[in-house]
Amino acid sequence: MDKEKLITPGPSGYMPTPGAFMGVELPPPGKALLYGEIVDEETAMREAAKAMLTRRNPTIFPGPLVLWGWNAGAMEKAKAVLELAMEIPNCRIIPMPDYRPKYPKIDPEAEINPNHPNLTILHNKIEACIFVGVHCHYANLSLRMIRAGTNCFTIALCAEMGHEDAMVSLRDVHAEEIRKFKDVLVQVRKELGIEWEPKLPPENPSLPKEDWTKISPLDFGEYAALLMPRKGEVVEESE
Amino acid sequence: MPEQRVVEPEHLILEAPRERKFITGSQAFAEAVKRANVDIAIAYPITPQSETMHLVGDLFAQGYVKDYYRAEEEYGAMSAIAGAVRGGARAFSATSGPGLLRGLEAIVSWPGHRIPVVLGIMTRVVNAPLSIQPDNVEIAYLLHSGLVVLHAENQQDVFDFTLAGFPISEKVDVYLPVVVATEGFFVTHAKGYVELPPEDMKLPPRDPYKAPVPPTDCEIPPARIQRDAPVQKSNFMSYLIHAVWQQEVWSANRRAMKWIYHYLGGPIEVVNPKADVFIVASGCAAAQGREAQRYAEQEGLNVGLIKVKSLRPFPEKEIREALKNAKAVIVPEHNIVGWLAKEVKAVIPNSGIVVDGPRVYGGMTLPVELIMEEIYKALGIKRERTYA
């Protein structure tokens, strides 16, 4: 194995060896990980951009920390993710809305799940992906399984300290840093001579078109009970 | 109780002025908890108890700890700790020997649950036969569960390791329980000098949203896989997810090392790094090893000491480097199984230089002369026995 590239796209084998076991250390503030090595952020961003621009079926996997509007920061971050997606030719967005094991199984075109992320990667033939807004523990599980069983190039845009098992890992990434990455990506795209007009990714084909005028509590499935008042309960105010 | 102001962990642990006090190991645990902004402490008293959790109870009465209660038994105490921490609280508990083993099923599930907590352990041997003495065989049970395990030599270590344990355990890249073990009686009941920072300072409160897992949500693993057994053994929860989950726990354990350097100056302390013969020891055995090294130096013998502060993560590289020129390695221990000797043998290429012992157990003291005998043997020096 190339000593400089400890963490490369897989499949790395039946039982993946974690980057941390191979001696990969998380980068200090201001630095990033590229193939398991600590490098300058811009170097890592350029390699990540190249992967998203040149590999098949680039996809962004947003997690709960950007999918749900917890706070102003999360909402701004979600906007920045959409802006990034618009600049990546033929980019798709497949959400990781939560971490529950799903019965009877997930729809791999509709979502990615940390309990078997390889199903989504393999079904959609995704060869480059970005994890953003996924809690570190679940991102690490997913990144390791993806490296074990697929040839996908993984990029982690982490709000915390980063991920050893991603080919590219940026740390302390919030809306501003996502927009910085977007600018680098646009620059690399121009350098590669790729013509692209920014546009939103396609609608998720497995999700019914949302019609907010006809929404029913039943649309919320097993969560419907959370929306409907219980017997005798009077809801006078809501957010 | 003085009004406490929140300061950064770095200031409280590394920079704040310190004042010397003469206190027991149990008091040292309590002094650390006093400054740690602890939300809840849960305990179950059993023989052999130390007064640690009683003193923490006093802290509750004084207002330093926000909540405190006696659980129904150890399993309940350790499970309640998990619940409190998953709910966002900063928690502390302490136990020992038989109590530790009764709570062990809950305790060894903490790392997989990603429970950042500090647990004090005053080693008191494992039944049977019944004993309440300071034998540390129970530490062997903790080494393979993913916990961060620190082993305190004296009262000062108890304070420093416990206080630093909170920020280490709560780092997003770690997020594991930190165990601070020390020998019951020898440290918990005896007094020693401890340098303490001011008691009007405390750590920042825990931020449960600064975490690698979401705060309490019973719909996500591991809460769900506990509640919903079929999920564990099915296509929904594959064997691979369990494999990489375990890997994540042990990756996190390794990541703790940089914070052990940051807050505790590293996982080992080396005295006389150019020695021919090394004593490698942890906990109270390190205190006796320190004395043996001093005796040896007085006799003109080239003997060094490696005190192992962190048992998990185990300082593999550091010990291998420190022992690269050693001709013999003596590993004194307070247990019969020799868990530290096995660890040391496993990380150096020439394990034949490791002397298995001396070991004492059942609560017997470890005379310095026992270690000196091994030093003389290793150096080919013939001496008369110097103890009765």
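Residues numbered from 1 in each chain as written. Chains lettered and ligands numbered in written order. Predicted model: local features only at pLDDT ≥ 70, side-chain atom pairs only at ≥ 80, totals over all residues.

Draft legend 1. Spotlight on the overall build of chain B. Along its length, chain B carries 15 helices and 16 strands. Relative to the 2.2 N^0.38 estimate, which gives 21 Å for 388 residues, the radius of gyration of chain B is 21 Å and therefore close to what a compact globule would have. For the C-alpha atoms alone, the extent of chain B along its principal axes is close to 65 × 55 × 40 Å. Residue burial in chain B is summarised as follows: out of 388 residues, 52% are buried. Contacts in chain B between residues at least 24 apart in sequence constitute 81% of all its contacts with a sequence separation of at least 6. (Helix = DSSP H or I, 4+ residues; strand = E, 2+ residues; numbered from the N terminus. Rg over C-alpha atoms; globule rule 2.2 N^0.38 Å. Buried ≥ 20, exposed ≤ 12 C-beta atoms within 10 Å, placed from the backbone. Contact = placed C-beta atoms within 7 Å.)

Draft legend 2. Molecular detail of the sheet that holds strand E11 (residues 268-271) of chain B. Residues and elements named next belong to chain B. Strand order in the open sheet formed by five strands is E11-E13-E12-E15-E16, and the pairing between neighbours is mixed. Every interior strand has two partners, whereas the edge strands, E11 and strand E16 (354-355), have only one. Packing of helix H12 (residues 284-298) onto the sheet brings it into contact with E11, strand E12 (277-281) and strand E13 (303-308), and relative to E13 it is tilted by some 165°. (Pairing = 2+ DSSP bridges. Axes fitted to C-alpha atoms, helices over the stretch in contact; angles between N-to-C directions.)

Draft legend 3. Region of interest: the sheet that holds strand E3 (residues 59-62) of chain A. All names here are of chain A. The seven strands lie next to each other as E2-E1-E7-E6-E5-E3-E4, forming an open sheet whose pairing is mixed. If you trace the sheet from one side to the other, it starts and ends with strand E2 (37-40) and strand E4 (92-93), each paired once. Note: E3 against E4, two bridges, orientation parallel. Each residue of the ladder has a partner; that of Thr59, found in E4, is Arg92. Helix H5 (residues 136-149) rests against strand E5 (128-132) and strand E6 (153-157) of the sheet, and its axis sits at about 165° to E6.

Draft legend 4. Representation of the interface of chain B and chain A within the structure. Taken together, the contacts link 24 residues of chain B with 23 residues of chain A. Tallying contributions element by element places helix H11 (residues 239-264) of chain B first for the side of chain B that touches chain A, with ten residues. Along the lines of polarity and charge, the residues of the side of chain B that touches chain A split into 14 nonpolar, three polar and seven charged. (Nonpolar A, V, L, I, M, F, W, Y, C, P; charged D, E, K, R; others polar.)

Draft legend 5. How the structure looks around the nonpolar core. Residue and element names in this part refer to chain B. Counting residues in each nonpolar core, the largest one holds 172 residues, and the members touching the most others are Val33 and Val179. It is H11 that contributes the most residues to this core, nine residues altogether. Setting aside residues up to four positions removed in sequence, Val179 forms contacts with Leu119, Ile121, Leu142, Leu147, Val148, Val149 and Leu150. (Core = buried A, V, L, I, M, F, W, Y, C linked by C-beta atoms within 7 Å.)

Draft legend 6. Broad picture of helix H4 (residues 74-86) of chain B. Residues and elements named next belong to chain B. Here H4 is 13 residues long and its end C-alpha atoms lie 18 Å apart, about the 18 Å a rise of 1.5 Å per residue gives. Within H4, burial applies to Glu74, Ala77, Met78, Ser79, Ile81, Ala84, Val85 and Arg86. Contact partners of the buried residues in H4: strand E3 (40-43), strand E5 (91-95), helix H5 (97-102), helix H6 (104-107) and helix H7 (110-113). (Expected span 1.5 Å × (residues − 1).)

Draft legend 7. Spotlight on the domain arrangement of chain B. All names here are of chain B. Here the domain parsing of chain B yields domain 1 (5-202) and domain 2 (268-379). Listed by contribution, the elements that provide at least two residues to the side of domain 1 that touches domain 2 are helix H8 (139-142), strand E7 (148-151) and strand E8 (178-183). In terms of residues, the side of domain 1 that touches domain 2 owes the most to one element, E7, which gives four residues. When the residues that make up the side of domain 1 that touches domain 2 are grouped by side-chain class, the tally is 14 nonpolar, six polar and three charged. (Domains from an automatic or database assignment.)

Draft legend 8. Geometry of the pairing of E13(B). All names here are of chain B. Counting buried positions along E13 gives six out of six residues, so the element sits mostly inside the fold. With burial as the criterion, each face of E13 is covered, one bearing Val303, Leu305 and Lys307 and the other bearing Gly304, Ile306 and Val308. Examined bridge by bridge, E12 and E13 share five bridges and lie parallel to one another. Note that in E13 the partner of Ile279 across the bridge is Leu305. Handedness of the crossover joining E12 and E13 through H12 is recorded here as right-handed. (Right-handed = clockwise from strand over helix to strand, strands pointing away.)

Draft legend 9. Inspection of unusual backbone geometry at higher detail. All names here are of chain B. In this structure, the amide linkage connecting Arg312 to the following residue, Pro313, adopts the cis form with an omega of 0°. Residue position: Pro313 is located in the loop between strand E14 (310-312) and helix H13 (316-322). Here the amide bond leading from Gly357 into Pro358 is cis, since omega sits at 5°, within 30 degrees of zero. Position of Pro358 among the secondary structure elements: in the loop between E16 and helix H15 (368-379).

Draft legend 10. Quick peek at the packing of helix H1 (residues 41-54) of chain A against helix H6 (residues 175-191) of chain A. All names here are of chain A. Here H1 crosses H6 at 60°, and the two axes come no closer than 9 Å. If you check the angle between H1 and H6, you find them oblique. As for the relative orientation of H1 and H6, their crossing is right-handed in sense. Counting all contacts with H1, which are made through Glu42, Met45, Arg46, Ala49, Lys50, Met52 and Leu53, the residues of H6 involved are Phe181, Val184, Leu185, Val188 and Arg189. When grouped by side-chain class, the residues that make up the contact of H1 with H6 number eight nonpolar, no polar and four charged. (Parallel < 35°, antiparallel > 145°, perpendicular 65-115°, else oblique. Left-handed = near helix turned anticlockwise from the far one by under 90°.)

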